[in-house]
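Here's the letter readout for the chains.
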Amino acid sequence: LALRNLINGLYSKDLSMKIKSSNRTRNRRGEYWGGAAFYGYKVDPKDKHKLILDDEVADVVVKIFRACIEGKSASQIAKQLNDEEIISPAKYKHLKGALYNGRIVDESSIWTATTVIRILKDERYTGKMITHKREADGVNTRKMRALPEDEWIVVPNTHQPIVSQEMFDEAKKARASRV
């Protein structure tokens, strides 16, 4: 019994290493292999490993970056989007038939400053696929640990950018100046 447990443990570790290796290979190729795409994009129906622009909401992302560059705070941008009755990312996913973070969204889902900041910090809007930001602590645990930025896998030009790198950098600089 002890020998069998030892062999099963070694097999589990070996299988885990093989899965990690194949995932890293996909990441280095710049393939998208998440569930529903992030706000502003949708999964290409012809190739589930590619992202295409979601024309219905891509202009909202540009509006958020422009407002930040103009000097508005995240809460001001969120208030403006709510005043204009623009559907929030959570509500938009719900309307498209997807779950948002594994839960069903309330009827009155609104924009928050946190949602706006998350969009402003996401460099994937510049056309880069950024993966391997975190990894499991061990084989038999669900606990994840964040990885330093220099260990992330960044593949440029994997999908059409919504904002240019210059616009992203300007928004980042504008956010940093208000802190």
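As the structure is a computational prediction, the values presented were derived from the model and not from experiment.

A.B. asks: Give me the lowdown on unusual backbone geometry, citing residues and values where you can.
C.D. replies: Located in the positive-phi region is Glu 85, a residue other than glycine, with phi close to 55°. In this structure, Asn 157 is a non-glycine residue whose phi angle is positive, near 55°. Here Asn 157 is to be found in the loop between β6 (153-155) and α6 (165-177).

A.B. asks: For the packing of helix α3 (residues 74-83) against helix α5 (residues 113-121), give the residues involved together with the corresponding values.
C.D. replies: The geometry of α3 relative to α5 is characterised by a closest axis approach of 8 Å and an angle of 110° between their N-to-C directions. With respect to each other, α3 and α5 are oriented roughly perpendicular. Of α5, the residues touching α3 (which contributes Ala 74, Ser 75, Ile 77, Ala 78 and Leu 81) are Ala 113, Val 116 and Ile 117. Along the lines of polarity and charge, the residues of the contact of α3 with α5 split into 7 nonpolar, 1 polar and no charged.

A.B. asks: Can you tell me about the packing of aromatic side chains, naming the residues and giving the values?
C.D. replies: Going through the model one piece at a time under the given rule, you end up with 7 aromatic pairs. Relative to Tyr 92, the ring of Tyr 39 lies with its centre 6.1 Å away and its plane at 85°, an arrangement referred to as edge-to-face. Of this pair, Tyr 39 sits in the loop between α1 (2-29) and β1 (41-43) while Tyr 92 sits in helix α4 (residues 89-95), and the two are 53 residues apart along the sequence. Of the two residues, Tyr 39 and Tyr 92, both sit in the buried class. For the ring pair Tyr 41 and Tyr 125, a centre distance of 6.2 Å and an interplane angle of 25° mean the geometry is stacked. Here Tyr 125 lies in the loop between α5 and β3 (129-131) and Tyr 41 lies in strand β1, a separation of 84 residues in the sequence. Assigned by exposure class, Tyr 41 and Tyr 125 land together as buried. An aromatic cluster is present here, built from Phe 38, Tyr 41, Phe 65, Tyr 125 and Phe 168 joined pairwise through their rings. The ring of Trp 33 is capped by Arg 26, whose NZ or CZ atom sits 5.0 Å from the centre of that ring. A cation over an aromatic ring shows up here: Arg 124 above the ring of Phe 38, its NZ or CZ 3.8 Å from the ring centre.

A.B. asks: So what's going on with α6? Residues and values would help.
C.D. replies: With 13 residues, α6 extends 18 Å between its outermost C-alpha atoms, agreeing within 8% with the 18 Å of an ideal straight helix rising 1.5 Å per residue. Regarding α6, the residues found buried are Met 167, Phe 168, Ala 171, Ala 174 and Arg 175. Buried residues along α6 cover an arc of 125° about the axis, so they all sit on one side. Residues of α6 that are exposed and point over 90 degrees away from its buried face: Glu 166, Lys 173, Ala 176 and Ser 177. Tucked inside the fold, the buried residues of α6 contact α2 (58-69) and α5.

A.B. asks: Tell me about α5, and please be specific about residues and values.
C.D. replies: Here α5 has its buried residues at Thr 115, Val 116, Ile 119 and Leu 120. One side of α5 holds all its buried residues, which, seen down the axis, span an arc of 135°. Across α5 from its buried face, at more than 90 degrees, point the exposed residues Thr 114 and Lys 121. Where the residues of α5 are buried, they touch α2, α3, α4 and α6.

A.B. asks: Explain a nonpolar patch on the surface to me, and be specific about the residues and the numbers.
C.D. replies: The grouping of Leu 3, Leu 6, Ile 7 and Leu 10 at the surface amounts to a nonpolar patch, some 420 Å² of accessible area in total. The residue Leu 6 is located in helix α1 in this model.

A.B. asks: Describe the side chain of Glu 135, naming the residues involved and giving the relevant values.
C.D. replies: For Glu 135, the position within the fold is in strand β4 (residues 134-136). A polar contact is formed between the side chain of Glu 135 and the side chain of Arg 24, at a distance of 3.2 Å. One polar contact links Glu 135 to Arg 145, side chain to side chain, over a distance of 2.4 Å. When neighbours within four sequence positions are excluded, Glu 135 is seen to be in contact with Arg 24, Lys 143, Met 144, Arg 145 and Leu 147.

Procedures and definitions
Residues numbered from 1 in each chain as written. Predicted model: local features only at pLDDT ≥ 70, side-chain atom pairs only at ≥ 80, totals over all residues. Heavy atoms only, no water. Helix = DSSP H or I, 4+ residues; strand = E, 2+ residues; numbered from the N terminus. Axes fitted to C-alpha atoms, helices over the stretch in contact; angles between N-to-C directions. Parallel < 35°, antiparallel > 145°, perpendicular 65-115°, else oblique. Contact = heavy atoms within 4.5 Å. Nonpolar A, V, L, I, M, F, W, Y, C, P; charged D, E, K, R; others polar. Phe/Tyr/Trp six-rings, centres within 6.5 Å; stacked < 30°, edge-to-face > 60°. Buried < 20%, exposed > 50% of the residue type's maximum accessible area, 1.4 Å probe, protein only. Lys NZ or Arg CZ within 6 Å of the ring centre and 35° of its normal. Expected span 1.5 Å × (residues − 1). Arc of directions from axis to C-beta. Patch = residues over 30% accessible without salt bridge, like charges linked within 9 Å, V, L, I, M, F, W, Y side chains within 5 Å. Areas by Shrake-Rupley, 256 points an atom, 1.4 Å probe, with all protein chains shown as cover. Salt bridge = Lys/Arg side-chain N within 4 Å of Asp/Glu carboxyl O. Polar contact = N/O pair within 3.5 Å; in protein donor to acceptor, adjacent residues only side chain to side chain.

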